[in-house]
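# Per-entry structural report
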Amino acid sequence: CIQLANVNLSKGLTYLGESAFEKCISLTEITIPKSLDEGSCSSYLIPENGIFNGSGLSTVNWEEGTTQIASYLFLGCKSLQKVEIPESVTVIESGAFAYTGLVEISIPSAVTEIGNYAFLSCTELEKAKLPEQLVLVPYKLFSECSTLKAIAIPKSVSVIDDYAFYECTALEEI
């Protein structure tokens with residue numbers, strides 16, 4: 001699908017399957033419907049099987065009223081360097097942005113739950129800000145984010161789970 005540049009996902013879509021838009025290098029922008037609540041990665045966090053792996057996706061728009069970001073949705077999407085998470089989002093599922101090209105992330109205050117591995121191995125990520133109401137920093141949240149220099153952890157956090165910052169070798173400021 002090298003030539004595929006435009007995709008209109010239906011507003012009732014609930015599931016996107018493994019490698020659905022893999023290597024669609026002309027696909028640079030997409031709007032995610034609020035109904036999407038499941039992304040597939042049957043091969044457990046293998047970036048090569050990500051829905052948008054190898055695509056040219058760099059701009060993500062969200063349908064108004066989106067409350068969750070599906071698991072493994074952007075797994076392996078290295079072209080995704082910046083994303084604006086809507087204020088309406090309350091949940092970021094497991095692995096949602098793992099192995100992406102994100103450089104910076106600011107998670108809105110409405111987010112109260114973040115799944116394991118959500119930002120695993122984002123090797124370009126330099127700065128992150130967690131939401132004010134977050135209680136748990138989940139398992140391997142920023143593990144292997146080797147360029148992460150600074151993270152803002154709110155006072156509300158009472159648990160930092162195993163390997164949350166494992167191999168964050170550039171981390172200078174918390």
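Look up: the structure comes first, before these words.
Residues numbered from 1 in each chain as written. Predicted model: local features only at pLDDT ≥ 70, side-chain atom pairs only at ≥ 80, totals over all residues. Heavy atoms only, no water.

It is worth spelling out the sheet that holds strand β7 (residues 104–106) at this point. The three strands lie next to each other as β7-β9-β11, forming an open sheet whose pairing is parallel. Both outer strands of the open sheet, β7 and β11 (150–152), are each paired with one neighbouring strand and no more. Mean inter-strand twist for the sheet, computed between neighbouring axes without regard to direction, equals 5°. (Pairing = 2+ DSSP bridges. Helix = DSSP H or I, 4+ residues; strand = E, 2+ residues; numbered from the N terminus. Axes fitted to C-alpha atoms, helices over the stretch in contact; angles between N-to-C directions.)

Once that is clear, we can look at the state of the cysteines. Each disulfide is one covalent bond, formed between the sulfur atoms of two cysteines. Taken as a whole and judged by the stated rule, the model has one disulfide. Here C1 is linked by a disulfide to C24, with a sulfur-sulfur distance of 1.9 Å. On the sign convention where negative is left-handed, the bridge of C1 and C24, at about -95° about the S-S bond, is left-handed. Highlighted residues: C1 in the segment before β1 (15–16) and C24 in the loop between β1 and β2 (29–32), separated in sequence by 23 residues. (Disulfide = S-S within 2.5 Å.)

Let us look at the sheet that holds strand β8 (residues 113–114). On the basis of which strands lie adjacent, the open sheet formed by three strands has the order β5-β6-β8 and parallel pairing. Two strands bound the open sheet, and with one partner strand each, they are β5 (68–69) and β8. As judged from the two bridges shared by strand β6 (residues 91–92) and β8, these two strands associate in the parallel manner. Residue pairing for β8: V91 is matched across the bridge by E113.

On to the nonpolar core, then. The nonpolar side chains of soluble globular proteins are, as a tendency, buried together. Counting residues in each nonpolar core, the largest one holds 48 residues, and the members touching the most others are F52, L73, F74, I92, F97 and F142. Broken down by secondary-structure element, the contributors of at least two residues to this core are β2 and β4 (59–62). Apart from residues lying up to four places away in sequence, I92 is in contact with I69, I85, F97, I107, V111, E113, I114, G115 and A118. Listed in part, the six residues of the second largest apolar core include Y72, L75, A98 and L120. (Core = buried A, V, L, I, M, F, W, Y, C linked by side-chain atoms within 4.5 Å. Buried < 20%, exposed > 50% of the residue type's maximum accessible area, 1.4 Å probe, protein only. Contact = heavy atoms within 4.5 Å.)

According to the stated counting rule, one finds one salt bridge in the structure shown. One salt bridge connects E84 with K82, and the closest N-O pair in it is separated by 3.9 Å. Accessibility expressed as a relative area gives 56% for E84, which makes it exposed. (Salt bridge = Lys/Arg side-chain N within 4 Å of Asp/Glu carboxyl O.)

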